[in-house]
Amino acid sequence: MGSPPIPQDGNFDQSGIGYWMERVLLEREKVQADPSSDPVHDLRVALRRCRSMAETMSELDPEPAWKQMRKAGKQLFQALGKLRDTHVLIEWTEKISETEAHGRSELRASLAAEEAALQQELMPVVNSFDVAQWEQWRELLSQHATQVRPGSLAFRHMALEKWIAARDLHSAALKRRSKDSWHQLRIGIKRFRYMLENFVPPLHSQRASDLKQVQDLLGDVHDLDVLLETALKSGALQTPDDRRVWRAHINQKRNELIAEYRKKMVGKESLWWTWREGLPDGVQLERAGMAKVQAWSQYRDPRPQHSRRVQRIAIGLHDQLLRAGMFGKGDRRYRSVLAAAALMHDVGRWEGKSNHHKKSYKLIMKFPRPLSWEPEMINLTAFLARYHRGALPQVNHRAFRGLRVHQRKQALFLAGILRIADAMEVDNGAPPPHIRAQAVPGSVQLLIPDFNPLSANAASVALAKHMLESACKKPMMVKSVKSEASRAIANSA
């Protein structure tokens, strides 16, 4: 019985994980029937797409099935890779020498024997592939992948991370010029290409030709390095003259390929800057970083709407307190920290309800900071999440010790705001309240629309404001004011 056809009715996006996981099953059956070059290549491409998507999604989504799927495909992917490499070497053997002299026929015979042996090794791996488990993962992961849309700012931020990593490998390769450095550069560019291909398709459609061409150039360099090593180890090149001729052929072609790469990728007009276009920069980079924070958080937070409402309350109160002159001139970085902490403060609930604020701290400390952030901003964000509830910070607490001395006062101020915002958010479907702050002699008034001092969350607000009072060194007086809706009703009565 054959595998089901690849969906063509819109059930799965043909660039999505569901489509490519289904494609693996179809290509697997083709390899079972014929383990020649093209079927092996097609199955490897499908598996590579799935594993690449799983690697990226694992950065956002803690669902274990992403890593399980990637691990399950690893053995088959590696077995296919060995056979595919041999196919490529056979092709290069035909290209690299014009005559039967200098050991070409011997090397070709050696590679043909290796191909037959690898085909024998591959078939048990192909046949034992757990199709039922793969189908279960396909259903689950297809649903998980829909939470962040392709082309979103979060994915563009992640694409820029891959671009920066590949660019660093480019600089290293030009400096070291070793076989390994060129190979690592190829992998870096490949990861950037797959990131665009899988998650930022509009940009990939503009860059696909150049990306593939450069990746192929470096792939050919690597293939030539492997070909020479294989030829020397195989014993097919029996005389010094044979070895000299092959080295000369391969090094000449290799140098031509690297020169072509440098022509495309070095200088002010290089493709690096073309590839950089369309990726976040400036203010958009800050927004993209926050988009990644939100995407990462929503996979762990059982109440993401609550956290977004807390964020609106917290940012509004922060701005009000600054206008009232409660804490210096303000700093955009600290505002971003507060916004991120509001989104991330409940991520620890993913690991259980008890002490979730402490679990949130540990998770956030492991989160790769957004590109626009300075290193200490992650520590601050984790601190705010740690103290959005529970005991007040103590000097001997790890989270408090982890802050620089000059940051501690600011951290207490921001954590106090987050505490009040979390206490105020009742998740009742109504718009989150906009708290106004005004300085009066000896205190600060927090004016909250239609706030009921006898309500269930009034006691929580009263407790929550203590940290903010300590940071501002002034008492916070909570006062109820009529909302616009209440005034409208009163005026119409």
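Residues numbered from 1 in each chain as written. Predicted model: local features only at pLDDT ≥ 70, side-chain atom pairs only at ≥ 80, totals over all residues. Heavy atoms only, no water.

Asker: Please set out the overall build of the protein chain residue by residue, giving values where relevant.
Answerer: Counting secondary structure elements, the protein chain contains 19 helices and 3 strands. Its C-alpha atoms give the protein chain a radius of gyration of 29 Å, clearly above 23 Å, the size a compact globule of 493 residues would have. Seen through its principal axes, the protein chain has C-alpha atoms that stretch 100 × 55 × 45 Å. Contacts spanning at least 24 positions in sequence make up 74% of the contacts within the protein chain whose residues lie at least 6 apart. Carbon together with sulfur atoms contributes 50% to the accessible area of the protein chain, which is approximately 23,800 Å² in total. Charge separation in the protein chain, taken as the distance between the mean sites of 76 positive and 55 negative side-chain charges, equals 11 Å. (Helix = DSSP H or I, 4+ residues; strand = E, 2+ residues; numbered from the N terminus. Rg over C-alpha atoms; globule rule 2.2 N^0.38 Å. Contact = heavy atoms within 4.5 Å. Areas by Shrake-Rupley, 256 points an atom, 1.4 Å probe, with all protein chains shown as cover. Lys, Arg positive; Asp, Glu negative; His and termini not counted. Charge placed at Lys NZ, Arg CZ, Asp CG, Glu CD.)

Asker: Requested: an account of helix 15 (residues 376-386), with residues and values cited.
Answerer: Residues separated by three or four positions in an α-helix point in the same direction, a consequence of the helix having 3.6 residues per turn. Burial analysis of helix 15 places 10 of its 11 residues in the buried class, which makes it a mostly covered element. For helix 15, the complete set of buried residues consists of Glu376, Met377, Ile378, Leu380, Thr381, Ala382, Phe383, Leu384, Ala385 and Arg386. (Buried < 20%, exposed > 50% of the residue type's maximum accessible area, 1.4 Å probe, protein only.)

Asker: Can you explain the pairing of strand 2 (residues 443-449)? Please cite residues and give values.
Answerer: The element strand 2 is largely enclosed, with a buried count of 6 among its 7 residues. In this structure, strand 1 (residues 436-440) lies alongside strand 2, joined through 5 bridges in antiparallel fashion. If you follow Gln438 over to strand 2, its bridge partner there is Gln445. What sits between the antiparallel neighbours strand 1 and strand 2 is a turn of 2 residues, in which Gly442 has the positive phi angle 85°. (Pairing = 2+ DSSP bridges.)

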